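Secondary and tertiary structure notes
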Amino acid sequence: MNLNWTVASCPARIDLFGGWTDTPPICYSIEGAVVNAAITINEKHPITAKGRRIPQKVIKLIEEDKSSQNPAQFIRSLKDLENYRDPSLPGALFKACLIGSGFVNPSGPLLELQLQSTGIEIRTCSELPHGSGLGTSSILASCIIAVLWKLKNSKITIENEKLFHTVLKTEELLTTGGGWQDQVGGVVGGVKIGRCSNGSSFRITYEKIDSNISLLNENLKLIYTGKTRLAKNLLETVLQNWQNGEPEVTSALEELRLGSVECVRALQTEDMTLLGQCLSRYWYLKKILAKDAEPPHVSRLLNLIQPHTYGACLAGAGGGGFFNHLGEKGKGLRKDSFNNKQFTGI
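Let me sum up the structure you'll find in this document. (Residues numbered from 1 in each chain as written. Predicted model: local features only at pLDDT ≥ 70, side-chain atom pairs only at ≥ 80, totals over all residues. Heavy atoms only, no water.)

1. Digging into the overall build of the protein chain
Note the following rule: Note on conventions: DSSP H or I runs of at least 4 residues are helices, E runs of at least 2 residues are strands, and numbering of each starts at the N terminus. For a compact globule the rule gives 2.2 Å times the number of residues to the power 0.38, and the radius of gyration it is set against comes from C-alpha atoms. The rule is simple: take the accessible area with a 1.4 Å probe, protein chains only, and divide by the maximum for that residue type; under 20% is buried, over 50% is exposed, in between is partly exposed. Contact between two residues is taken to exist if any of their heavy atoms lie within 4.5 Å; hydrogens are not considered. The method behind every accessible area is Shrake-Rupley, applied with a 1.4 Å probe, and residues are considered shielded solely by the protein chains displayed. Lys and Arg are tallied as positive, Asp and Glu as negative. Neither His nor the chain termini are counted. Every charge is mapped to an atom, namely NZ of Lys, CZ of Arg, CG of Asp or CD of Glu.
Secondary structure summary: the protein chain contains 11 helices and 12 strands in total. By the compact-globule yardstick of 20 Å for 346 residues, the protein chain fits well, its C-alpha radius of gyration being 20 Å. The C-alpha extent of the protein chain, read off along each of the three principal axes, is 60 × 45 × 35 Å. Relative to its 346 residues, the protein chain shows a buried fraction of 51%. For the protein chain, long-range pairs separated by at least 24 residues make up 74% of all intrachain contacts whose partners lie at least 6 apart in sequence. In the structure as shown, the protein chain presents an accessible area of about 16,000 Å², 48% of it carried by carbon and sulfur atoms. Averaging the locations of the 38 positively and 33 negatively charged side chains of the protein chain gives two centres separated by 6 Å.

2. What to know about the packing of helix α2 (residues 92-100) against helix α5 (residues 160-174)
Worth spelling out the cut-off: Here the axes come from fitting lines to C-alpha atoms, over the contacting stretch only for helices, and the angles between their N-to-C directions go from 0 to 180 degrees. The labels follow the angle: roughly parallel below 35 degrees, roughly antiparallel above 145, roughly perpendicular from 65 to 115, and oblique for the rest. Note on convention: the crossing is left-handed when the near helix lies turned anticlockwise from the far helix by less than a right angle, right-handed when the turn is clockwise.
The interhelical angle for the contact between α2 and α5, taken along N-to-C directions, is 125°, at an axis separation of 9 Å. Overall, the two elements α2 and α5 adopt an arrangement that is oblique. Crossing angle aside, the handedness with which α2 passes α5 is right-handed. Contact residues: α2 offers A92, L93, A96, C97, I99 and G100, while α5 offers T166, K169, T170, L173 and L174.

3. Quick notes on helix α10 (residues 272-289)
The α-helix winds at 3.6 residues per turn, so residues separated by three or four positions along the chain end up facing the same way. This is how it is decided: Each helix should span, by expectation, one fewer than its residue count multiplied by 1.5 Å. Any pair of N or O atoms that falls within 3.5 Å is considered a polar contact. Within protein, one atom must be able to donate a hydrogen and the other to accept it, and sequence-neighbouring residues count only if both atoms are side-chain atoms.
Taking 1.5 Å of rise per residue, 18 residues should cover 26 Å, and α10 covers 26 Å from first to last C-alpha, within 8% of that figure. When we look at burial in α10, the residues that qualify are M272, L274, L275, G276, C278, L279, Y282, W283, L285, K286, I288 and L289. In this structure D271 caps α10, since a side-chain oxygen of it lies 3.2 Å from the backbone nitrogen of T273.

Right, dumping it as C-alpha cells:
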C-alpha cells in the first residue's frame, strides 16, 4: 500500500468582468465570457487538498482550516453520504465530490466493496475566510476531485476541461449551483478569458491574456469587507429574475458577455484607466442582477475609497467578502484609512 500523500493546491481567483454569464442555466442559453485572474495569498496557494490510502476500509476527512472546529469525519457506509445536498453541513462539499467525481456510486454496492482493499484519508485546507467571493468552494472541489482521481488511478492524466465540467456537476449536486469561472480561474494560472458555447455542444474553453502581471500586482489590491455571504442566496434571486424574463436583467447579461472583450483590451494595452472603468461598470451590472449585492456597510466602504481608485468591484456574487481595488502605485489608500469604528473587521 502506498501511504504517500497525493497533493493538489491552487490559487484563488478574482473576476474582472463577465461573471454570471458562466452560471447554469444561463450559460446554456448564452455564450458566456468571463475575464479573471489567479492570485496567491501571501505568496502561497491558499487552497489545498491531499489524500492517501489507509488500511481501514473507511473514508476519512479532516478539514485543517484555521477556522474549522470540525473533528475528523468518517464515512463508513453509503448512508453517511445522504446529506451531501446541504452545503451548510460539515463535509457536504467533500461528499458531493466523492459522488460527482465517480469515486463512489451512491446507488452502487456496499461502500466497503467499492473501496476494495483500502480506505482513503483526505485533508483539505483553505486560508481564505468563508464567503470570501474568491471562488473557494469550486476551486477546493477541483483540488479534491483531482486527488480522488489520482488515488483511483495514479497514472491518469487530468484534463482541464473534464475537471471543469465535473466541478460544475458537483456544485449542482451540492445545490449551490455555481458557475464554471471559479475552477477556470483557480486551475489555470495567470490572467485569462474563459468562454462557453451554448446549445447541445456545450464546452468550456479558455485563452490566456498577454498582460503585464507586474503592473497588475502593483496596482490591483484586495480589501476584505469584514462581511461574509453564501453565494447560493444571491444566485437564487438572479436566476428567478432571469427566468422571469426581466428586460433589465437580460440586457445586463448581454452587456456582461460583450464587455469582457473591452476588459481584455484594457489588460493587453496596460490601460489602467480603462480597466478601472471596466471594474466599476462590472460592479454596476452585478448590482442590477442582484439588488442585495451591496449592503450598507459595503456602500460606505466603496464611497471611502472613491477618490483613490480607478475602479472597484466586489469579488464573486457580491454581498460581502473581498473587493478588487485598482489604484495607482504609490498613491491612494493607507492602512489608517480604515481606522474608524464603522469599518471594524477590515
